[in-house]
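# Chains, contacts and geometry: an overview
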Amino acid sequence: MLSGKERTYVEHRLEKAPTGIRGFDEITQGGLPKGRTALVTGGPGTGKTMFAMEFLVKGATEFGEPGVFVSFEETADELIANSASLGLSLPELCDANLLYMDYVRVERSEIEESGEYDLEGLFIRLSHAINTVGARRLVLDTIETLFSGLSNVSILRAELRRLFRWLKDKNISTIVTGERGAESLTREGLEEYVSDCVILLDHRVTDQVSTRRLRVLKYRGSEHGTNEYPFLISDRGFMVLPITSVKLDYAVGEERVSSGIPRLDAMLGGKGFYRGSLILVSGTAGTGKTTVAASFADAACRRGEKTMYFAFEESAQQVVRNMRSIGLDLEQWTGKGILKIVGQRPTIHGLEHHLMSMQFMIDDFRPTTVVVDPVTNLSQVGSLRDVRLMLSRLVDYLKARNITILFTSLTQGGTDAELTDVGISSLADSWMKLQNLEAGGERNRGISILKSRGMSHSNQVREFLLTDQGIDLVDTYTGPEGVLAGSARVAREDDERAQEAALRLEIERLEEDRKKRRALLEDQITRLRSEYESAEKELEGRIRLEKLKMETIFRKRKEMGTSRKAET
Amino acid sequence: MAKKKDSEIATEAFEKVLRGGQEQRYVLRLYVTGSTPKSARAIRNLRRICEEHLKGKYELEVVDIYQQPELAQEADIIATPTLVKKLPLPLRKFIGDLSDADQVIKGMNITPKS
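Structure report, in brief. Model, not experiment: these values are computed from the prediction.

On to the overall build of chain A, then. A count of helices and strands for chain A gives 15 helices and 25 strands. Evaluated residue by residue, chain A yields a buried proportion of 42% over its 568 residues. Across chain A, the fraction of contacts at a sequence separation of at least 24, relative to all contacts at a separation of at least 6, is 70%.

Sheet architecture is open: five strands sit in the order E6(A)-E4(B)-E3(B)-E1(B)-E2(B), paired in mixed fashion. If you trace the sheet from one side to the other, it starts and ends with strand E6 (111-113) of chain A together with strand E2 (58-64) of chain B, each paired once. For this sheet, the mean angle separating the axes of adjacent strands, direction not counted, is 20°. Sheet analysis places strand E3 (residues 82-87) of chain B next to strand E4 (residues 92-95) of chain B, joined by four bridges and oriented antiparallel. When the sheet's bridge partners are listed, threonine 82 of chain B is paired in E4 of chain B with isoleucine 95 of chain B.

Further remarks concern helix H8 (residues 153-170) of chain A. Residues and elements named next belong to chain A. The terminal C-alpha atoms of H8 lie 25 Å apart, and with 18 residues this matches the ideal 26 Å at 1.5 Å per residue to within 8%. Within H8 the residues assigned to the buried category are Leu156, Glu159, Leu160, Leu163, Phe164 and Leu167. In a view along the axis of H8, the buried residues occupy a sector of 140°, so they form one face of it. Opposite its buried face, H8 presents the exposed residues Ser154, Arg161, Arg165 and Asp169, each directed more than 90 degrees away. On its buried face, H8 is in contact with strand E3 (37-42), helix H6 (120-133), strand E7 (137-141), helix H7 (145-149) and strand E8 (173-179). Just downstream of H8 lies asparagine 171, where phi reads positive at about 60°.

It is worth spelling out the interface of chain B and chain A at this point. At the interface, 29 residues of chain B touch 21 residues of chain A. Elements with a minimum of two residues in the side of chain B that touches chain A: helix H3 (69-74), E4 and helix H4 (101-107) of chain B. Direction of pairing for E6 of chain A relative to E4 of chain B: parallel, over a ladder of three bridges. When the sheet's bridge partners are listed, isoleucine 111 of chain A is paired in E4 of chain B with lysine 93 of chain B.

The rules we used
- Residues numbered from 1 in each chain as written.
- Chains lettered and ligands numbered in written order.
- Predicted model: local features only at pLDDT ≥ 70, side-chain atom pairs only at ≥ 80, totals over all residues.
- Helix = DSSP H or I, 4+ residues; strand = E, 2+ residues; numbered from the N terminus.
- Buried ≥ 20, exposed ≤ 12 C-beta atoms within 10 Å, placed from the backbone.
- Contact = placed C-beta atoms within 7 Å.
- Pairing = 2+ DSSP bridges.
- Axes fitted to C-alpha atoms, helices over the stretch in contact; angles between N-to-C directions.
- Expected span 1.5 Å × (residues − 1).
- Arc of directions from axis to C-beta.

Printed below as a string of structure tokens:
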């Protein structure tokens, strides 16, 4: 019953023309409506032209569908130059007859209208262009320019209606671009003609950081994501970032990976973290977050696993140098190409840009472990909410690829250390807190596990020592003054050692005593026994003697009686 | 406004002197789409204007862009019919069936014959 329903649904599903734009085909479940017209609208500089150009170029190069670009604003040369900055080589495509560009210049000052006319000239040009390359795709960028060049609006409107119908009949997948008006989607109300699919591009600048966003306003006959999706225009082209995270359905494994700190592994049920989980290391400044992160990265490299380290505070060289001081040689891994350290200031990009460029680097490098140190620095370029959203996207992206992630998070001194600045702790599978244990006039580092999903873990605070051989964890002491660490711990350890020695001595002494006493008593026992034995012998002799005497008396008495012939 | 007109008249007079009294030639090209009613009307209207006002000093070429679509791109034609005045400069385009003769005459800067 259900499967039958599903089948008809699939049969009637709208055919799509894939755009090849990374992310976009995911949110629209396949691309733009095939053989129909889509409207791409947005303010100036929002990337409409680039979106449209990418649609044509990908169509020509990846999907075997040649295209025609009709520009009403930019000349072919300008388009070629602009597209080159996106890594698109238009002249090659034109030479290969996969792309046809036509620049339509509408200059009002040159044109005078006299009597009735139609736009058949435009139709002929389109049809000529389409036939020349056998186009299946078309872009009109932006046809609204006609309204500024021609004054007879009623003719224009009628002709546009005819044009869109004509394109539909020709079964050409078309993008028309429009400039967003003050109160309407497009200045001239193009949305009135294009009813199948409307895409809105937006470009906002908040706190001097720009973010681009895309939204599918309408998609007749198709499901589509309705959120605003951030996008990026870079030398790799136009890319949309879908929130794939809505589903929490990544495969989870049982495999565990070492933290690089044996004692910490022991605290984590003896085996370390789960592969593909998110580990959060939070702490105030100078508590050793980077060191924990680097040890983790080092351990991954040691296993021969590719690791990517995003350093938002330090340069790559600085990380390498600092880690050398605790005996971690990261350079050997970078040299072998197992480790890649990317040092960059968060402020160079907006959040989306960061997220995407991180994703692309990850895609290129294909690591199994990713470290971001610290994620909290990203809050310089976005609101808490945005950072949180961005990080959850990044986490989902990585988890879907079973990549183990370690984030460090800087907590501000004075605030509750268990509140991470970007509120990502709920995302974390394992959360370690590094803290300063301040007592007795010194600061010492402590580490504890706040949570670690799906494994038994220690509840102890351990002292965290940075030695020139890496990190060592030692037990801390809890006394009436609180947790003892550092010299207080050392003093306490000395005390305990002395006590132990004293006890050991006492035990030895007692043992000796026991032995002595035993020997003494055993001696006495032997002596007494021999005394007893000799006394016994003497007594036995006397008994025998007395018995003999008695027998003699009896015998004599009997003999005497016989001789007297006594009457018995 | 009036001043501008004066200056225009002055310039024209000056140019006339420069040309040594020789008449300005008009090079016109009319882009049509086959024999649609609008095309036919435009051809008829233009011929009449030329015969009345530019007799003997114009060249007219009628281009059917159905037959030669590449010429539509070359001349940047979108609307049809379109009349292009190539000479004298500046280049001007008139779109429509040219039913308003006075407007065309004015736009082409032709001194109408009373």
